[in-house]
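For reference, the chains in residue letters:
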Amino acid sequence: MAQAKPNRSPAEVEDIILRRIFQVTLESGRDHVPSPVYLEQTAAEVLSEGRPLLLSMDIMERILIDRLSIPNLEPPLKYLVQCYRRAQEEIRKIPSMRDKSLSVKMEEMAKQARQLAVSYSRIVLGNPDMFPQSALEKSYLLDLFMSGVSSSYDTFGESSASGITVPLGFLEDFLRDFEEESLDPILKQLYDDLKLAMRKVASPLQSCQVPLAVLKHLIEIPVCVKALVNHPSWIPKGDHVDGRFIEIESILGPFFHVSALPDHVIFTREEQDVGQQCFSNADTRRPADLSSSFTTIKTVMNQIYEGLHFVLYALLKNSNTREKVLEYLAEVIKKNAARAQINVNPFKCASSGMFVSLSAVMLKLCEPFLGDSTKMNLIDANYVLCNGRIDCRGLTAIHASSEEIATWVDRRNYARTEGYRQLQHQKEQEERRVLQTQGATSSGSLQSFNSVGVNTIPRSASDGRLTKYSFVTECFFMTARILNLGLLKVVSDFQSLLQDLRRCQDALETLEAQHGPGAPPQLEQEINNAKLEIEHLSQQRFCYDAQICKDIELLQQALSFYRLMLVWLVNIVGGFRMPLPAECPMEFASMPEHFVDDGIELLLFTSRLPKALDGVVLDDFMNFIIMFMASPLYIKNPYLRAKMVNVLNAWMPEKSKSSAMSTLFEGHPLALEYLVFNLMKLYVDIEFTGSHTQFYDKFNIRHHIAELLEYLWQVPSHRNAWKGIARSQEKGMYLNFLNFLINDSIFLLDESFNMISELKKMEAEMNTVEWEQRTPQERQERTRHFHQQEQYVRWDMTLANEDVGMLAYTSAEITSPFLLPEMVERVANMLNYFLSQLVGPQRKTLTLRDPEKYEFRPKKLLKQIAEIYVHLSRGDKDNVFPSAVSSDGRSYKDQLFSEAAELLRRIGEDGRIIQEFVDLSAKARAAASEAMDTESMLGDIPDDFLDPIQFTLMRDPVILPSSRTTVDRPTIQRHLLSDATDPFNRSLLTPEMLIPNTELKNKIEEFIRSKSRI
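Now for a quick tour of the structure. (Residues numbered from 1 in each chain as written. Predicted model: local features only at pLDDT ≥ 70, side-chain atom pairs only at ≥ 80, totals over all residues. Heavy atoms only, no water.)

1. Things to note about the overall build of the protein
Move 1: Scanning the protein from N- to C-terminus turns up 42 helices and 7 strands.
Move 2: Within the protein, the proportion of its 1014 residues that are buried is 51%.
Move 3: Expressed as a percentage of contacts within the protein between residues at least 6 apart in sequence, the contacts between residues at least 24 apart total 74%.
Move 4: Summed over its atoms, the accessible surface of the protein is roughly 47,500 Å², and 51% of this surface lies on carbon and sulfur atoms. (Helix = DSSP H or I, 4+ residues; strand = E, 2+ residues; numbered from the N terminus. Buried < 20%, exposed > 50% of the residue type's maximum accessible area, 1.4 Å probe, protein only. Contact = heavy atoms within 4.5 Å. Areas by Shrake-Rupley, 256 points an atom, 1.4 Å probe, with all protein chains shown as cover.)

2. Some thoughts on unusual backbone geometry
Move 1: The omega torsion of the bond from Met578 to Pro579 falls at 0°, within 30 degrees of zero and hence cis.
Move 2: Topologically, Pro579 is positioned in the loop between helix H23 (552-572) and helix H24 (586-589).
Move 3: Within the chain, Asn281 stands out as a residue other than glycine whose phi angle is a positive 50°.
Move 4: Of note, Asn281 is situated in the loop between helix H13 (274-279) and helix H14 (287-317).
Move 5: Even without glycine at this site, Lys611 takes up a positive phi of about 65°.

3. What to know about the packing of helix H21 (residues 487-513) against helix H25 (residues 594-607)
Move 1: Between H21 and H25, the least distance of the axes is 10 Å, while the angle of their chain directions is 50°. It follows that H21 is oblique to H25 by the angle criterion. Seen along the crossing, H21 lies across H25 with a hand that is left-handed. On H25, the residues that touch Leu488, Val491, Phe494 and Gln495 of H21 are Asp598, Glu601, Leu602 and Phe605.
Move 2: Looking at the contact of H21 with H25, its residues break down into 5 nonpolar, 1 polar and 2 charged. (Axes fitted to C-alpha atoms, helices over the stretch in contact; angles between N-to-C directions. Parallel < 35°, antiparallel > 145°, perpendicular 65-115°, else oblique. Left-handed = near helix turned anticlockwise from the far one by under 90°. Nonpolar A, V, L, I, M, F, W, Y, C, P; charged D, E, K, R; others polar.)

4. Looking at the nonpolar core
Move 1: Judged by nonpolar contacts, the single largest core of 313 residues is most densely connected at Trp568, Leu569, Phe628, Trp651 and Trp722.
Move 2: Not counting the four nearest positions on each side in its chain, Trp651 is found in contact with Leu603, Ser607, Leu613, Leu618, Phe621, Met622, Ile625, Ser656, Met661, Leu664 and Phe665.
Move 3: Formed by 8 residues, the second largest nonpolar core is a distinct cluster that contains Leu938, Leu953, Met954 and Ile1004. (Core = buried A, V, L, I, M, F, W, Y, C linked by side-chain atoms within 4.5 Å.)

5. Considerations on the environment of Leu989
Move 1: Positionally, Leu989 belongs in the loop between helix H41 (969-976) and strand E7 (995-996).
Move 2: For the pair Leu989 and Asp979, spaced 10 residues apart in the sequence, the C-alpha separation amounts to 8.7 Å.
Move 3: Residues in contact with Leu989, not counting those within four places in the same chain, are Leu960, Pro961, Ile972, Leu976, Ala980, Thr981, Asp982 and Leu994.

6. A look at the side chain of Thr971
Move 1: The topology assignment puts Thr971 in helix H41.
Move 2: In this structure, Thr971 is in contact with Asp947, Ile949 and Gln950, ignoring residues within four places of it in sequence.

7. Comments concerning the pattern of salt bridges
Move 1: By the definition in use, this model includes 47 salt bridges.
Move 2: Of the charged contacts in the structure, one is a salt bridge between Lys335 and Glu331, with a shortest N-O distance of 3.9 Å. Of this pair, Lys335 and Glu331 are both found in helix H15 (residues 322-335), 4 residues apart, which corresponds to roughly one turn of the helix.
Move 3: Exposure remark for Glu331: the relative accessible area of 17% places this residue in the buried category.
Move 4: Each of Glu45, Glu49, Arg51, Asp58 and Arg62 takes part in salt bridges that share partners, so that together they form one network. (Salt bridge = Lys/Arg side-chain N within 4 Å of Asp/Glu carboxyl O.)

8. A short note on the packing of helix H36 (residues 821-839) against H41
Move 1: It is the contact of H36 with H41, at a shortest axis distance of 7 Å, that shows an interaxial angle of 75°. On the basis of their axis angle, the class for H36 and H41 is roughly perpendicular. Of the residues in H41, those touching H36 at Pro821, Glu822, Glu825 and Arg826 are Pro970, Gln973 and Arg974.
Move 2: Here the contact of H36 with H41 is composed, by residue class, of 2 nonpolar, 1 polar and 4 charged.

9. A short note on the sheet that holds strand E5 (residues 957-959)
Move 1: Spatially, 3 strands are ordered E6-E5-E7 in an open sheet, and the strand pairing comes out antiparallel. Looking at which strands have only one partner, the edges of the open sheet turn out to be strand E6 (966-968) and E7.
Move 2: As paired elements, E5 and E7 share 2 bridges and run antiparallel to each other. Within E7, the residue paired with Val958 across the bridge is Pro996. (Pairing = 2+ DSSP bridges.)

10. Quick notes on the packing of aromatic side chains
Ring pairs (aromatic) are described by centroid distance and by the angle formed between their planes.
Move 1: Within the structure shown, the criterion is met by 39 aromatic pairs.
Move 2: A centroid spacing of 5.3 Å and a plane angle of 85° characterise the contact between Phe561 and Tyr562, whose relative ring orientation is edge-to-face. Summarising the burial analysis for this pair, Phe561 and Tyr562 share the class buried.
Move 3: Plain terms: the ring middles of Phe753 and Phe856 are 6.2 Å apart, the flat faces sit at 70° to each other, and that makes the pair edge-to-face. Of this pair, Phe753 sits in helix H33 (residues 733-765) while Phe856 sits in the loop between H36 and helix H37 (858-874), placing them 103 residues apart in sequence. Across the pair, Phe856 and Phe753 agree in class, each one buried.
Move 4: Among the aromatic residues, those joined into a ring-pair cluster are Tyr383, Tyr469, Phe476, Phe477, Phe561, Tyr562, Trp568 and Phe595.
Move 5: For Arg67, the ring lying beneath its charged end belongs to Tyr79, and the centroid distance is 3.9 Å.
Move 6: In this structure, Lys216 packs its charged tip against the face of Phe310, placed 5.3 Å from the ring centre. (Phe/Tyr/Trp six-rings, centres within 6.5 Å; stacked < 30°, edge-to-face > 60°. Lys NZ or Arg CZ within 6 Å of the ring centre and 35° of its normal.)

11. Things to note about H21
Move 1: Counted at 1.5 Å a residue, the expected span for H21 with its 27 residues is 39 Å, and the 39 Å between its end C-alpha atoms agrees.
Move 2: Its buried side turned inward, H21 meets helix H16 (352-370), helix H20 (471-485), helix H22 (522-549), H23, H25 and helix H35 (776-811). (Expected span 1.5 Å × (residues − 1).)

12. Side note on the environment of Leu555
Move 1: Structurally, Leu555 can be placed in helix H23.
Move 2: With 192 residues separating them along the chain, Leu555 and Leu363 place their C-alpha atoms 10.0 Å apart.

13. Some points on the environment of Phe174
Move 1: Here Phe174 shows up in helix H7 (residues 170-175).
Move 2: Residue Phe174 is classed as buried on the basis of its relative accessible area of 0%.
Move 3: Along the chain, Phe174 and Ala117 lie 57 residues apart, while their C-alpha atoms are 9.3 Å from each other.
Move 4: Once residues within four sequence positions are removed from consideration, Phe174 is found in contact with Val118, Ser121, Arg122, Leu125, Leu141, Leu183 and Ile186.

Geometric descriptors of this kind do not, in isolation, establish any biological role.
Spelled out as structure tokens, the structure:
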């Protein structure tokens, strides 16, 4: 307790207190504990003034300057901070003095000493060369801020970090009432130090919360906020600046960089490799250990997201800094536009970690309007159309070309400007009338009025970036771009990583299969290299799992954003209504395609993750998919529309394991009315995608459609809709659908049968003496080819089974389209061909050791073929099917039906089916006999009566309008199902353009009658 002793004067008490605060003395050799620093120069000056050698308030600043000028002592800033602490302690003790008048004076003196410590701390930081050693304390202020962060990382107080302790209140006093010009260089250095400190923390496993907490504290201090956004590194400038440079050199970049996601090796130190630290040798680790790592990474990353959101939200709330933040975000987007490419240059673009953090923060900023439908009206599409803060001109649009968009925008802006000028002219006329009525002089008033009018004409597209948009608009479109470059790009990278991992695992399996006696010496090294690559990819995979797949909250926030995006786009076309308007609104067609693609891609990704869709309302997504998946006039990209089918496929109850999905399919109004139709339409449209790989792409897409249709056929309401489509579109879309279904079935089964024969030969080859005599390299190459063929067969047979299965179950209730003149022969030829392959002499080439391995089930396939024959025979009211079966000169043989019937009995087919199959065989045999009699009767047929494509007698000749060629109607209609061109000159041709050749038809009928009379 500080009490003035009776034998001590006030001057002596003052000396004692100042000696304790500043740890100095004017008396040489005096014994004190702790030992003070002797101020020889100040002592000499005091003596020369004839004063006693006592420290006093009036020489306090001289004392401090003298102490700070002595070299090789405690660094100046550290010393001043401790002076502040000691002054605080004295202020707490002084009130206990008995002499209250002395207590007041001493308290005032201690407070002045405390303020002096603050003032000289500012001087030391602002002028580092003024005192010895102060230049070595560059980052000391940052250390003080870090030490001032409490364990909660939200408040400042008596706490310690890195061995440095900051006194309570020092930082607040340091920043209070500081001249801005003097503080600027200090804060600039502080932010530079903070950036450098954060740059050392690239992994969430390192301590990253303290620097982030310092930043959070600084943005609550107005002068620090201003210094932050005016810092040269807020947005680095220069021609050399790219996305990676901004990430490294901007103030916020290193904070956003912290991530568990893999970065390029050059930017990752060993201690920052999360995969190596957490997930090495994961296959030997306990699940609990992996789960703990997942939880740690997810928790830390969410804390970082929260902290960064706090920072951006505070800056955006401040009207003085909002524009700077939006400029920063726009620059980050602009400099990283190349992240949208498949192959990203890691030296030019920011890391995935930075953009995932940005994505998470932007989604949090969007939260206030994601659940408020009224805020959707604030989203202004002109931000995209007129190239606001972010330039969307280089982005692929949903449907319109860049030229179409530019022309439309210019025309629209001109119309708006002209309309505004006309309105202004009307107002001007009204103003003149009013002024004249009042007898006023119009010249001055009109001049003033005109000057205002000219300045208020709306900005055109050319200066659209100067237009002020609402924050909702800015935030909405910036979030869309950042998600495209961030979260969605990472999802794509993750899927590519999984593919690479599977390829490496398959390659390792192939290499290990070749391991053994006689293996080449380099095989062991190849196996080890493959294992190392798999380990590396596995570690990366777990990092993605931890930060992306396990963060269900982040994914669901993104889904909420894209739900708003899709609803907003639908509102442009008039809302959730079907059918869509005949003409696509240009505003919708001009929006960037990735707005839709990203939403659908994320939906597909989350649909395959356990529990990712729990609690997510999917009705709006379902509405959007049904409306647009079969609408090429609205969404041009067929692969994007096909991706929508993939989403529905993943939602099927059997795959999603969710009963809620059944309700979505079986109770959704638009689904009940339009889903089956649109799936069939897309099945047809996808035949031609414009891509060089379109022939093979269509099989993958149709595979997902076929799975969906099979499920929907089992739902009574959808089956009824299906049958209604078959009736109403019998000669339209449904016939096209049936044609492509048959085309695919023929191609896939034919390919499969050929490859199965080849596999059989290769199996036999591998079990010969000659095989063992081949070189190891030859065996390796041949084995690799064998496994590749196995994969092809397995896939083709899977698709073929789906197609034949669909023909079987639909023909049980829908037969009329199969029996149309343009279709019946094609169906019969297909069935005859399959039958000949399965029961004819070549069936021996299709026997494999393990056919199930290749999804090849010949017994089931034969049953389905027989059932299709029978179904079509049952629905054949005009008895056209037997003739079509028997007229197939390539594959029809009567004995095949007998052999097939016998096989069907052996494999347990229903007896009624077998009997009806035998009956059809008899009808076909009779039709064949009748056809032979007719051919014999007709004799030589004039060439003019023969179809130029099939070389058969025409029954309904028609003229093709372009080539003027006459062909039989069923022949050309069958051709048009797959190709809408004249086969003789490739000009456009549709069924409606066919011209009946009545004259020739009459001649043919007369020819037949004349032959019949003979």
